[in-house]
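Here is how the chains run, residue by residue.
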Amino acid sequence: MKTAIQRGWYFLAASPPVVLVAVFIGFPIAVTVTYTLGHLGGANSAISSIALHQVSSHGRLATFGAYSSVLTSHSFLEDLVATVWVTAASVGLVLVLAWLVALYGRLADTRIARLLTSFAVVPLFIPVVIGSYAILQFWSYGGLVKTLAHAVGLPGFPALGYTLGGVVLAEVWVSLPFAVLMIGSGLRSIPDSAFDAARDAGASVARATWTVLLPMNLVPTIIATSFTGISILGSFTVPYLVGPTSPNLLGPDAAQTFQSFNEPQQAEVIAMVIFALAIVVAVPYLWATYRSNNNAPGAA
Amino acid sequence: MTARRIGVGIGIALLAAFIFGPLLWLMLWAFAGVWHYPSLLPQSWSLSWWRQIFHYPQLVRSVGLSFTFAPIVTLVSAVVCLPAAYALARFPVPGRRTLLVVLFASNAFPKIGLYITIAGLFYALHLMGTFFGVVLIQLLGTVVFMTWIPAASFASIPRALEDAARDVGAGRLRVFFTVTLPLAAPGIFVAMVLAFLASFDEAQGTFLVGVPNYVTMPVQMYSLVSDYPPQAAAVFAVLLSVPSVALMLLVRKHVLGGALARGFELR
């Protein structure tokens, strides 16, 4: 009996952030789901009273009218394709760069190597609005990249401001620190002996990395992949400032659908699509953390 | 060997240019008078925007607001999350994994979709356009790492150290404040700095909930980008980066030491 009370106290101590998240994130998500399925009353009545082009379930359990109108729209599909490829390209680039930086930091362990890691972490501390604006200026017409290209006789060099390519660059810039920290921290926890043994047996640095370090550092790599992917899928500021008007990512698309077109229901359908994509990206993360917890000594 | 060193050198230079180039370019703009493409440097230099920017009352007010919200949000977040972080790390909390995953899932839902629904909720609760509403919306963005990172720090402290202190007669509270808390301090510090920056950086939710009463610096930045000359936006951006860079220098060592990375492994 005493332990039951004690467990109750433990649960209570751990609950404030969860309660906060449940009330102001969990509950709104549940309400959002009912709204996209056509329930316009109750908690949705405030927002639905000002919305345009709503689809109502008229008392039935659900209607997929809002989903079908969004999912069949041409501009949405273009934005969906853009979101998927920009996310894939950015995550790929971030992983390659982060691995290079972290690997160099782990193997070289010189002042320059440590300095490089410090460099790569800087964007973590620059507000995203500032970073995006700076990148936009840097890669646009009149930016340093165009200016240098012009100076060396390449006037046709593309300006990447207001393009999806620019969005990829900016997403990489913003996401690099977290991936470097995650992958670097994982690499540091691998003992020298594991890598040295492979080297002594005649493996090249590349081969020893591929066959020893990569498998041993798989969990941090997966964590970096999932978090980077999720944050890019739902990103708003970067594509809003750096990206083109259309097609752009689904984040600004949802914001525009709400703020400019006054269609919150359709905007929420877009948010649900982003959420669905994010869940797909989150699956490897959950799998990896469960697996590493079950393997950890003393895991419950 | 030399070829490899040159290759590494070029790689480092490219990465440095990629990271710092945009920031340096922005710095130049902040001190530019006239600057036309394709000149590599401004044709004339000027400090006039550093003076002018302080003549716009709404800009000055937004600076004050940002520096009001960020510390409040950080403190509230610490009060709400730190006891929970300790409990999750040290006690057999029922449903511990589920709680951690729920926190994680809350992070995966796109913010814009959340804010639209929260707007409806805030209207009903009369929180729209209020100070408390803005604190609440900024708080939501800090909960996950304010719980995870300190929890990992608490969990990484060997219990033997606490037990040793208990053995020589220290009470529970004394052990917590003289052994546990100092050892977990780097992780807590990193989490608080990240919370401060998250609040300082938050624009989308603050825009939706706070406008027109509470326009913080990043919200102001959106209109600066479109409505003012690049010099004004650059000056403002440099100002907005100052606290971030200062805080970065404070926690750099702990962040690079793995205090942040540990928090995301969900142990």
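Residues numbered from 1 in each chain as written. Chains lettered and ligands numbered in written order. Predicted model: local features only at pLDDT ≥ 70, side-chain atom pairs only at ≥ 80, totals over all residues. Heavy atoms only, no water.

1. Description of the overall build of chain B
Heads up, the rule is: Only DSSP runs of H or I reaching four residues or more are called helices, and only runs of E reaching two or more are called strands; each is numbered from the N terminus. Contacts were defined at the residue level, with two residues in contact if any of their heavy atoms lie within 4.5 Å. All accessible areas in this document rest on Shrake-Rupley with a 1.4 Å probe, and a residue is counted as covered only by the protein chains that are shown. Charge counting treats Lys and Arg as positive and Asp and Glu as negative, with His and both chain ends excluded. Positions of charges follow a simple convention, taking NZ of Lys, CZ of Arg, CG of Asp or CD of Glu.
Each helix and strand counted, chain B has 13 helices and two strands in total. Contacts spanning at least 24 positions in sequence make up 70% of the contacts within chain B whose residues lie at least 6 apart. Within the structure as shown, chain B displays about 11,500 Å² of accessible surface, and the carbon and sulfur contribution to it stands at 70%. Charged side chains of chain B number 16 positive and 7 negative; the gap between the two group centres comes to 6 Å.

2. With respect to the domain arrangement of chain B
All names here are of chain B. Going by this rule: The split of the chain into domains comes from an automatic or database domain assignment. Each of two parts loses accessible area, computed with a 1.4 Å probe, when they are put together; buried area is these two losses added.
On domain assignment, one finds that chain B holds domain 1 (1-46) and domain 2 (56-263). When each unit is reduced to the centre of its C-alpha atoms, the spacing between domain 1 and domain 2 is 32 Å. Each partner contributes residues to the interface: domain 1 has six residues there, and domain 2 has six residues. Of the roughly 500 Å² buried at the junction of domain 1 and domain 2 (both faces included), carbon and sulfur atoms supply 79%.

3. Digging into the interface of chain A and chain B
Worth spelling out the cut-off: Within this document, salt bridges are pairs made up of a side-chain nitrogen of Lys or Arg and a carboxyl oxygen of Asp or Glu, the two lying within 4 Å of each other.
The interface of chain A with chain B comprises 90 residues on the first partner and 87 residues on the second. Looking only at chain A, the three residues that lose the most surface to chain B are Phe 24, Phe 125 and Tyr 133 of chain A, adding up to 10% of its buried area. Viewed at the interface, chain B and chain A are joined by zero salt bridges. In terms of residues, the side of chain A that touches chain B owes the most to one element, helix H1 (residues 2-36) of chain A, which gives 18 residues.

4. Topic: unusual backbone geometry
For the bond from Ser 246 of chain A to Pro 247 of chain A, the omega torsion is -5°, close enough to zero to count as cis. Within the secondary structure, Pro 247 of chain A sits in the loop between helix H12 (237-242) and helix H13 (250-259). In the segment running from Val 211 of chain B into Pro 212 of chain B, the intervening peptide bond is cis, with an omega of 5°. Mapped onto the elements, Pro 212 of chain B comes out in the loop between helix H10 (204-210) and helix H11 (217-227). Positive phi is not limited to glycine here, since His 53 of chain A has a value of about 50°.

5. Focus: the nonpolar core
What counts is decided by this rule: What makes a nonpolar core is a set of buried Ala, Val, Leu, Ile, Met, Phe, Trp, Tyr and Cys residues whose side-chain atoms join them at distances within 4.5 Å. Between buried and exposed lies partly exposed: a residue is buried under 20% and exposed over 50% of the maximum accessible area for its type, with that area taken using a 1.4 Å probe on protein chains only.
Formed by 188 residues in total, the largest nonpolar core has its most connected members in Trp 148, Met 221 and Phe 264 of chain B. Element by element, the count of residues in this core is highest for helix H8 (residues 164-188) of chain A, at 15 residues.

6. Notes on the confidence of the model for chain A
The test is simple: Along the chain, pLDDT gives the predictor's confidence residue by residue, from 0 to 100.
Model confidence for chain A is summarised by a mean pLDDT of 86, while 96% of its residues fall at 70 or above. Throughout residues 296-300 of chain A the model reports pLDDT below 50, and contacts reaching past four residues in sequence, or to other chains, amount to three contacts.

7. Notes on the side chain of Ser 244 of chain B
Inspection of the secondary structure assignment puts Ser 244 of chain B in helix H12 (residues 230-256). Residue Ser 244 of chain B is classed as buried on the basis of its relative accessible area, which comes to 0%. For Ser 244 of chain B, the contacting residues outside a window of four places in its chain are Phe 125 and Pro 127 of chain A together with Leu 197 of chain B.

8. A word on the packing of aromatic side chains
Our working definition: A pair of aromatic rings is counted whenever rings of Phe, Tyr or Trp (Trp by its six-membered ring) have centres within 6.5 Å, and the orientation is called stacked for planes under 30 degrees apart, edge-to-face for over 60 and tilted otherwise.
Scanning the entire structure with this criterion turns up 25 aromatic pairs over all chains. Seen from their ring centres, Phe 119 of chain A and Phe 20 of chain B are 4.9 Å apart, and the 85° between their planes marks the pair as edge-to-face. Of this pair, Phe 119 of chain A sits in helix H5 (residues 111-121) while Phe 20 of chain B sits in helix H1 (residues 2-30), which puts the two residues in different chains. A relative accessible area of 24% means that Phe 20 of chain B is categorised as partly exposed. Ring geometry for Phe 178 of chain A versus Phe 227 of chain A: centroids 5.6 Å apart, planes at 55°, classification tilted. With a gap of 49 residues between them, Phe 178 of chain A in helix H8 and Phe 227 of chain A in helix H11 (residues 218-233) connect regions that are remote in the sequence. With respect to burial, Phe 178 of chain A and Phe 227 of chain A carry one shared label: buried. In this structure an aromatic cluster arises from ring pairing among Tyr 10 of chain A together with Tyr 86, Phe 91, Phe 154, Phe 176 and Phe 177 of chain B.

9. So, empty space enclosed by the protein
The test is simple: We place a 1 Å grid over just the protein atoms. Points where a 1.4 Å probe fits but has no way out form a cavity, open points with protein on both sides within 12 Å along at least 5 of 7 lines form a pocket, and any residue with an atom within 4 Å of a point lines it. Grid points are joined across faces, edges and corners, and a volume is the space filled by probe spheres set on the points. Any residue that is not Ala, Val, Leu, Ile, Met, Phe, Trp, Tyr, Cys, Pro, Asp, Glu, Lys or Arg is counted as polar, Gly included; the first ten are nonpolar and the last four charged.
Across all of its chains, the model carries two cavities of 30 Å³ or more by this definition. Every residue lining the largest cavity is counted, 45 residues in all, and those nearest its centre are Val 128, Val 174 and Ser 231 of chain A together with Phe 145 and Asp 201 of chain B. Looking at the lining of the largest cavity, its residues break down into 30 nonpolar, 11 polar and four charged. Approximately 50 Å³ is the volume found for the second largest cavity. Lining the second largest cavity are Val 31, Thr 32, Tyr 35, Ala 43, Asn 44, Ile 47 and Glu 268 of chain A together with Ile 116, Thr 117 and Gly 120 of chain B. Of all the secondary structure elements, the ones that give two or more residues to the lining of the second largest cavity are H1 of chain A together with helix H5 (111-124) of chain B. Tallied by class, residues from the lining of the second largest cavity come to five nonpolar, four polar and one charged.

10. Considering the domain arrangement of chain A
Residues and elements named next belong to chain A. As a reminder, the rule being used: We call two N or O atoms a polar contact when they sit within 3.5 Å, provided that within protein one can donate a hydrogen and the other can accept it, with sequence-adjacent residues counted only if both atoms are side-chain atoms.
Here the domain parsing of chain A yields domain 1 (1-69) and domain 2 (73-295). In this structure, domain 1 and domain 2 have C-alpha centres spaced 31 Å apart. With 17 residues of domain 1 at the contact, the number on the domain 2 side is 12 residues. Together domain 1 and domain 2 conceal approximately 1,200 Å² of surface at their shared face, both sides included; 61% is due to carbon and sulfur atoms. On the surface where domain 1 and domain 2 come into contact, there are zero salt bridges. The tally of links from domain 1 across to domain 2 stands at five residue pairs in polar contact (both at pLDDT 80 or more). At the level of elements, H1 and helix H3 (65-71) are the ones that each hand at least two residues to the side of domain 1 that touches domain 2.

11. Examining the environment of Phe 20 of chain B
Residues Phe 20 of chain B and Ala 32 of chain B, spaced 12 residues apart in sequence, show a C-alpha to C-alpha distance of 18 Å. With residues near it in sequence (within four places) discarded, Phe 20 of chain B still touches Phe 119 and Val 122 of chain A.

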